[in-house]
Amino acid sequence: MELSEIWFVLISVLFIGFFFLEGFDFGVGMSTRFLARDQKERTVMVNTIGPFWDANEVWLITGAGAIFAAFPNWYATMFSGYYLLMLAVLLSLIGRGVAFEFRRKVEDTRWTNTWDWVIFFGSLLPPFLLGVLFTSMLKGVPIHEDMNMEAGFSDVINIYSIWGGFTITLLCLLHGLTFLSLKTEGEIRQRSAALAKKLVLAVFGSLVVFVGLSSFMTDIFEVRPILELIIVVLIVLAIGLSYYFISNKREGMAFTMTGLGIVLTVSSIFVGLFPRVMVSSLNKAFDLTVYNASSGAYSLKIMTIVAATILPFVLGYTIYSYYVFRKRVSDKEHLTY
Amino acid sequence: MDPVMLARIQFALTTIYHFFFVPLTIGLAFIIALMQTLYVVKKNEIYKKMAKFWGHLFLINFAVGVVTGIIQEFQFGMNWSDYSRFVGDVFGAPLAIEALLAFFMESTFIGLWIFGWDRLPKKVHLASIWLVSIGTMLSGFWILTANSFMQVPVGYEIRNGRAEMVDFLALITNGQLWVEFPHVITGALCTGAFFVAGVSAYNLLKKKHIQFYKKSMNIALIIGFIGSLGTAFSGHAQAQYLVKTQPMKMAAAEGIWEDTPDPAPWSAFALIDTKNQKNKFELNIPYALSYLSYSKFEGSLKGMKTLQAEYAKKYDRIVGEGTNYIPPVKTTYWSFRLMVGFGMAMILLSMIGLYLWKKGRLLQSSRFLKTLVPAISFPFLANTFGWVMTEVGRQPWTVFGLMTTADAVSPNVSAGTILFSIMMYTLIFTILAGVMVYLMVREIKRGPVEHQDANSTVSIDPFNKAGV
């Protein structure tokens, strides 16, 4: 395996990790609006993700940084090509990030409520927009011979990409609900489990349509028919099992399964892309691939050594922090956010 | 307007705004870690109160610093895609390492620190804030590694029209990095110190929580003194390095058009006439520039006209005939002087403060305390002018000697798009600034009141039998 291929896998892992981890805090942020009955419940919900969301977001930043370092041409084409979409993602993340810190700094219902709306939209928009970005990338966007992408509205926003964004958002919501049922007690725990049970059906339907659309609008089932089919079967299995575990109050397992659902769905995108990193809708010859978009061998080697050295530590203290805050969040204790 | 200008405006806007928060974050994290260490060692509750109170202000600032930083990473790809293609091989690596090594550390341990006051053993909790502090500095190190490459490119070879990394060690031992990094870190310590000193002075004037703010002030004055002196020395080293590596920037910063006489006088004030390439009026201090540049009272410096001719001979084949290599002179000249001026003022203020403290007259000298309040802005101004001098002074280059700013911009992004995003950022930044100042003032007015402590025993572990 070439180093550039390894880096494609690593970047995939970073984005899969991002959707798995930030997926649940996006989901929690979304559900604050309709699951919580009052501000106090909303506070409990926000506090379940309090110690984690910031580090979860770093997976996205590291993913983008890794693309910059390992595939400068991918980085340049993607972010200049998706300019306005990325602007919207950044503005959402800015609002969301400060809202957590600001929401209870002033003891005023309207103040808290305003920031909670920011949390809601800041949690809803990024998974949707990033879902749009990745699925439209898979379908193909106008990339010219000079590697620059000049996309019109419908290249980025079309039925397929909107459905992709919608599916990712629903998955995150489901994942957030199983996380909530795992991390809260009493009524919220029951309500989030009940809603998650209902949502599983919608996620199922959405995924079926997504798979259908993918077979028409993309070439992923031609490029890797067997692997993609296995993934689809596994997704069905994971989501089905999540229903079973929610029903049996095995919240840890339910959360694992919804997470697996996200991991597999995002994997299917990267599996379908490889060895391309961006598909050109104009000409196959203009596709960006791991070979024509990557950095030099030396740079990749250095990055590999650095990543292999640092990643174990990152994983170590990440697990430690989840261990420290493993307990359920109760409204009877002092809530930080 | 043309996209290059707009992309530059956006870069300046977002970076200057972001860099209001970065140094304060670095400085405050260090000071809070110090306070909490005193608490753990001396077991005096007042230090815990200090760590918590300054921690509240720190977190408001940290939140805005983090979110404005996200833009920076994506901006290279969005606005400067040709730059990213050209140097991604070299420039991307330190950015990725910054995320991997520093951001994960900061964000995980800040979570542990905020939520862990009652859940973690005292020493582990103390380690968390130290790891946050180290994380902020490491983050600075790697971003400055990337910036240093733009100032003084090293460890690369041009292959297939791109700069490819050939020597990673050269990148992290870049001479530019090792004069820039200490300068930025000591500047950040000043920022934290003058913030704590100013807020403390305000409250001491109001005679509120005197013990609390006096202790905070003492710590701030020591850090402020070390920091401002360190900034001056590292800044001096950086200037000397500049004479060797980017003579044009230095000539512009000193307003030198013709080669100076030997020994060279230092210009304290000059009316610069950019059009006719001369100074209409100069106030000079003899010998001083020779000494500042070479640490001896002899040696002349090349002027911008000579350097223009030299650069043309060397670089015209890369960027085309007739390129103007002279950066905006007035901006560079005055940013340099304002940076140094505010830096000197900080040295002076921290020395006076330490003297008054030693004489036991700190609390009585209301004039000094009153000066410290507006002096909160000094490090912010010095930091900003410092970066303006560094980045504007490098024009027309994005990467010195390799790529011009005009060639770096995204060819597929229209001026209208960039303008729209500038307007959106400006709107959001204005709101953020308003909210932040409002919250900071609120916290400061509320003072170090007892924040209710958690009793964490009520929650259950879902992975224990009892939790099911």
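Residues numbered from 1 in each chain as written. Chains lettered and ligands numbered in written order. Predicted model: local features only at pLDDT ≥ 70, side-chain atom pairs only at ≥ 80, totals over all residues. Heavy atoms only, no water.

K.L.:
Teacher, can you tell me more about the confidence of the model for chain B here?
P.N.:
Detailed reading of the predicted coordinates is not advisable wherever pLDDT falls low. Residues and elements named next belong to chain B. Mean pLDDT over chain B: 90, with 97% of residues reaching 70 or higher. For residues 453–457, every residue scores under 50 in pLDDT, and the model assigns this stretch 9 contacts once sequence neighbours within four places are set aside. At the level of chain-chain contacts, confidence expressed as ipTM amounts to 0.90, with global pTM at 0.91. (pLDDT = per-residue confidence, 0-100. Contact = heavy atoms within 4.5 Å.)

K.L.:
Would you explain the packing of helix α1 (residues 3–42) of chain B against helix α7 (residues 210–245) of chain B in this entry?
P.N.:
How two helices pack is summed up by the angle between their axes together with the distance between the axes. Residues and elements named next belong to chain B. Where α1 contacts α7, the two axes come as close as 11 Å, and the packing angle between them is 130 degrees. It follows from the interaxial angle that α1 and α7 lie oblique. Relative to α7, α1 is oriented so that their crossing is right-handed. Packed against α1, whose contacting residues are F30, I31, L34, M35 and L38, the element α7 presents S216, I219 and I223 at the interface. The residue inventory of the contact of α1 with α7, partitioned by class, reads 7 nonpolar, 1 polar and no charged. (Axes fitted to C-alpha atoms, helices over the stretch in contact; angles between N-to-C directions. Helix = DSSP H or I, 4+ residues; strand = E, 2+ residues; numbered from the N terminus. Parallel < 35°, antiparallel > 145°, perpendicular 65-115°, else oblique. Left-handed = near helix turned anticlockwise from the far one by under 90°. Nonpolar A, V, L, I, M, F, W, Y, C, P; charged D, E, K, R; others polar.)

K.L.:
Any chance you could explain the interface of chain A and chain B here in plain terms?
P.N.:
A common way to express how large an interface is: the accessible area buried when the components associate. With 76 residues of chain A at the interface, the matching set in chain B holds 83 residues. A buried area of about 7,000 Å², summed over both sides, lies between chain A and chain B, and 72% of it is on carbon and sulfur atoms. The interface formed by chain A and chain B includes 0 salt bridges. Put simply, the parts of the chain that give the side of chain A that touches chain B at least two residues each are α3 (53–70), α4 (72–81), α5 (83–102), α6 (109–139) and α13 (297–324) of chain A. Here the element with the most residues in the side of chain A that touches chain B is α13(A); it accounts for 14 residues. Across the side of chain A that touches chain B, the residue classes tally to 43 nonpolar, 20 polar and 13 charged. (Buried area = accessible area lost by both parts, 1.4 Å probe. Salt bridge = Lys/Arg side-chain N within 4 Å of Asp/Glu carboxyl O.)

K.L.:
It is not clear to me how a nonpolar patch on the surface should be interpreted in this structure. Could you clarify?
P.N.:
Together, I226(A), L227(A), I230(A), L234(A), L237(A), L241(A) and Y244(A) make up an exposed nonpolar region whose accessible area comes to about 660 Å². Summarising the element assignment, Y244(A) is placed in helix α11 (residues 225–247). (Patch = residues over 30% accessible without salt bridge, like charges linked within 9 Å, V, L, I, M, F, W, Y side chains within 5 Å. Areas by Shrake-Rupley, 256 points an atom, 1.4 Å probe, with all protein chains shown as cover.)

K.L.:
How should I be thinking about unusual backbone geometry in this particular structure?
P.N.:
F274(A) connects to P275(A) through a cis peptide bond whose omega is 0 degrees. Looking at the element boundaries, P275(A) is found in the loop between α12 (251–273) and β1 (276–278). Of the consecutive residues Q395(B) and P396(B), the connecting peptide bond is found in the cis state with omega at 5 degrees. Tracing the backbone shows P396(B) in the loop between α13 (377–392) and β5 (397–399). Even without glycine at this site, M147(A) takes up a positive phi of about 75 degrees. Tracing the backbone shows M147(A) in the loop between α6 and α7 (153–156). Phi is positive for Y287(B), close to 70 degrees, though the residue is something other than glycine.

K.L.:
Would you take a moment to explain the pairing of strand β4 (residues 278–285) of chain B for this structure?
P.N.:
Along a regular strand, successive side chains alternate from one face of the sheet to the other. Residue and element names in this part refer to chain B. Two elements, strand β3 (residues 266–273) and β4, share 7 bridges in a ladder whose sense is antiparallel. If you follow F269 over to β4, its bridge partner there is L283. Between the end of β3 and the start of β4, which pair antiparallel, lie 4 residues, with Q277 showing a positive phi angle near 50 degrees. (Pairing = 2+ DSSP bridges.)

K.L.:
Is there a simple way to think about the pattern of salt bridges in this case?
P.N.:
Side chains that differ in charge, positive against negative, can pair when their charged atoms come close. Tallied over the entire structure, the rule returns 22 salt bridges over all chains. Notably, a salt bridge pairs R103(A) with D116(A), separated by 2.7 Å at the nearest N-O pair. Taken together, the residues span a long stretch of sequence, with R103(A) in the loop between α5 and α6 and D116(A) in helix α6 at a distance of 13 residues. A residue is classified by how much of its surface remains accessible, and R103(A), at 0% relative accessible area, is buried. Since its relative accessible area comes to 1%, D116(A) is described here as buried. In this structure, the salt-bridge partner of R446(B) is E443(B), at a minimum N-O distance of 3.5 Å. Here R446(B) pairs with E443(B), and both are found in helix α15 (residues 415–446), just 3 residues apart, close to one helical turn. R446(B) gets classed as partly exposed once you look at its relative accessible area, which sits at 35%. Connected through shared salt-bridge partners, D89(B), E157(B), R159(B), R162(B) and E164(B) make up one network. (Buried < 20%, exposed > 50% of the residue type's maximum accessible area, 1.4 Å probe, protein only.)

K.L.:
Please explain the pairing of strand β2 (residues 162–165) of chain B as it appears in this structure.
P.N.:
All names here are of chain B. Where burial is concerned, the two faces of β2 agree: the one with R162 and E164 and the one with A163 and M165 are both buried. Pairing of strand β1 (residues 156–159) with β2 involves 4 bridges; the strand directions are antiparallel. Looking across to β2, one finds that E157 is bridged to E164. In this structure, the hairpin formed by β1 and β2 is closed by a connection of 2 residues, where N160 is found at a positive phi of approximately 50 degrees.

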